[in-house]
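Below are the chains, spelled out letter by letter.
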Amino acid sequence: MEIENMQAALLKEFAGFEHLIISYSGGIDSTLLALLAQRVLQDKVKCILFDAPLVPRRAVKEAEENARKFGLSCSIIPFPILENEEFRKNSPNRCYICKKQSARILKDQAEKLGISKIADGINASDLNEYRPGLQASNEEGILHPFLSTGIQKKQIRQLAQDCGFDFWNKPSASCLASRIPYGDEITVKKLQIIEHAEDLLHYMGFSNLRVRLHGKIARIELMPEEFEKAVNMRDKMLEVLQDCGFSYIALDLKGYRNGSMDEVL
């Protein structure tokens, strides 16, 4: 399907709704979804942004800024997922537990607002990854317009670029819990260490990256083209990451990739 036809299919789907809630993270997927829905439904689109220790502070701030910039109606709701003991145990079913709880909050909000439709930014490319949260969303009746129209991640970027949105090449993001190996307890302290370490590396000029936490070991995933830069900045990287509390710093030679913790499943 051509890009123009994909956009037309999305707009047609939105035209069938009276009102819509978007599960909004500020990432490229949910932001584009909200903006396209807004073209059709105007002020009948409501975005809900969950705020939890799983979400980097810079991501929450950017999401708020984008919502204001594009005139999106956005409510920020605390998400107490770390109160859930089963989630904190960090089993491979972690995302299912998280999405189940977040979907119920979205449905509660929708009921209060008198809105029957809720959508998220899941797309066709997500089917190629381990996504137990998708099952939970489906069970709770969350809609996936990108998925139902067969739109993949690269096409979302193309759509956003064609629409003139400056976030079209924004790096992919994921919750901070994805940096912790399955079976290791998720704690606020661990999440804060990871967030601080990634913020420092971003500040040093690295682009797409992950700091995976393995006890006292930081396994750094960078884009392969930035390996040489990392070696040249080795001393500074060691300094800042050891200040975060890591005893050992390792560079993953496979480089940055989504879902590397799922490779052991």
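Scroll up to find the structure this text is about.
Here the residue index of a chain counts from 1 through its sequence in written order. pLDDT decides what is reported in this predicted model: residues at 70 or higher carry local features, side-chain atom pairs at 80 or more are listed and counted, and totals for whole chains, interfaces and linings draw on all residues regardless. Excluded from the side-chain calculations are hydrogens and water; all other atoms, namely the structure's heavy atoms, are used.

K.L.:
For this particular structure, what's the right way to read the environment of Gly114?
P.N.:
Only DSSP runs of H or I reaching four residues or more are called helices, and only runs of E reaching two or more are called strands; each is numbered from the N terminus. As for its placement among the helices and strands, Gly114 is situated in the loop between α5 (94-113) and β4 (118-119). When accessible area is computed with a 1.4 Å probe and restricted to protein chains, residues below 20% of their type maximum are described as buried, those above 50% as exposed, and intermediate ones as partly exposed. The exposure class assigned to Gly114 is exposed, which follows from its relative accessible area of 58%. When the C-alpha positions of Gly114 and Ser174 are compared, they lie 30 Å apart, and in sequence the two are 60 residues distant.

K.L.:
Can you help me understand the packing of aromatic side chains in this one?
P.N.:
Given two aromatic rings, their pairing is described by the distance between the two centres and the angle made by the two planes. Ring pairs are drawn from Phe, Tyr and Trp, using the six-membered ring of Trp, whenever the two centres fall within 6.5 Å, and their geometry is named by plane angle: stacked under 30 degrees, edge-to-face over 60, tilted for the rest. This structure, assessed with the given rule, holds five aromatic pairs. Measuring from ring centre to ring centre gives 5.0 Å for Phe50 and Phe79, while their planes differ by 40 degrees; the resulting arrangement is tilted. With Phe50 in strand β2 (residues 45-51) and Phe79 in the loop between β3 (74-78) and α4 (85-88), this residue pair connects regions lying 29 residues apart in the sequence. Classification of Phe50 by relative accessible area gives buried; the value is 11%. Relative to Phe167, the ring of Phe165 has its centre 5.3 Å away and its plane inclined at 10 degrees; by these criteria the two rings are stacked. Residues Phe165 and Phe167 agree in their burial class; the two are buried. The structure contains a cluster of three or more aromatic residues connected by ring pairs, namely Phe70, Phe165 and Phe167. Geometry around Phe206 places Lys229 over its ring, the cationic atom sitting 4.8 Å from the centre. We call a charge positioned over a ring when the NZ of a Lys or the CZ of an Arg lies within 6 Å of the ring centre and within 35 degrees of the ring normal.

K.L.:
Could you clarify how one ought to interpret the side chain of Asn123 in this entry?
P.N.:
Mapping Asn123 onto the fold places it in the loop between β4 and α6 (132-139). Residue Asn123 is classed as buried on the basis of its relative accessible area, which comes to 1%. By the convention used here, residues are in contact when the closest approach between their heavy atoms is within 4.5 Å. Apart from the residues within four sequence positions on either side, Asn123 is in contact with Asp29, Phe146, Leu147, Ile151, Gln152, Lys153 and Ile156.

K.L.:
Honestly, the sheet that holds β2 in this entry has me stumped. Any pointers?
P.N.:
Note: strands within a sheet are paired through backbone hydrogen bonds, in either parallel or antiparallel orientation. Whether two strands pair comes down to DSSP finding at least two bridges between them. Within the open sheet, the four strands sit side by side as β3-β2-β1-β4. Their pairing is parallel. Each having just a single partner strand, β3 and β4 make up the two edges of the open sheet. As a rule, the C-alpha atoms of each element are fitted with a line to give its axis, helices using only the stretch in contact, and angles between N-to-C directions run from 0 to 180 degrees. Along the sheet face, helix α2 (residues 28-41) touches β1 (20-23), β2 and β4 and points at about 165 degrees away from the line of β1.

K.L.:
Please explain the nonpolar core as it appears in this structure.
P.N.:
One broad rule of soluble globular proteins: the nonpolar side chains tend to lie buried together. What is meant by a nonpolar core is a set of buried Ala, Val, Leu, Ile, Met, Phe, Trp, Tyr and Cys residues, joined one to another through side-chain atoms within 4.5 Å. The biggest cluster of nonpolar side chains holds 42 residues, and the ones touching the most others in it are Leu54, Phe87, Leu201, Phe206, Val211 and Phe246. Those elements giving two or more residues to this core turn out to be β2, α5, α9 (188-203), β5 (209-214), β6 (217-222), α10 (227-232) and α11 (234-243). The contact partners of Leu201, leaving out residues within four places of it in the chain, are Phe206, Leu209, Val211, Ile220 and Met237. The next biggest cluster of nonpolar side chains, apart from the first, holds 32 residues, and it includes Ile22, Ala67, Ala119 and Leu159.

K.L.:
Sorry if this is basic, but what is going on with the pattern of salt bridges here?
P.N.:
Should the charged atoms of two oppositely charged side chains come close, the side chains can pair. The salt bridge criterion pairs a side-chain nitrogen of Lys or Arg with a carboxyl oxygen of Asp or Glu, the two atoms within 4 Å. Evaluation of the coordinates by the stated rule reveals 23 salt bridges. Between Arg104 and Glu140 there is a salt bridge, with its nearest N and O atoms 3.8 Å apart. Placement of the pair is Arg104 in helix α5 and Glu140 in the loop between α6 and α7 (145-148), with a sequence separation of 36 residues. Note on Glu140: relative accessible area 13%, which makes it buried. Here Glu263 ties to Arg257 by a salt bridge, and the two come within 2.8 Å at their closest N and O atoms. You can call Arg257 buried: its relative accessible area is 17%. Look at the salt bridges and you will find they share partners, linking Arg212, Arg219, Glu221, Asp252, Lys254, Arg257 and Glu263 into a network.

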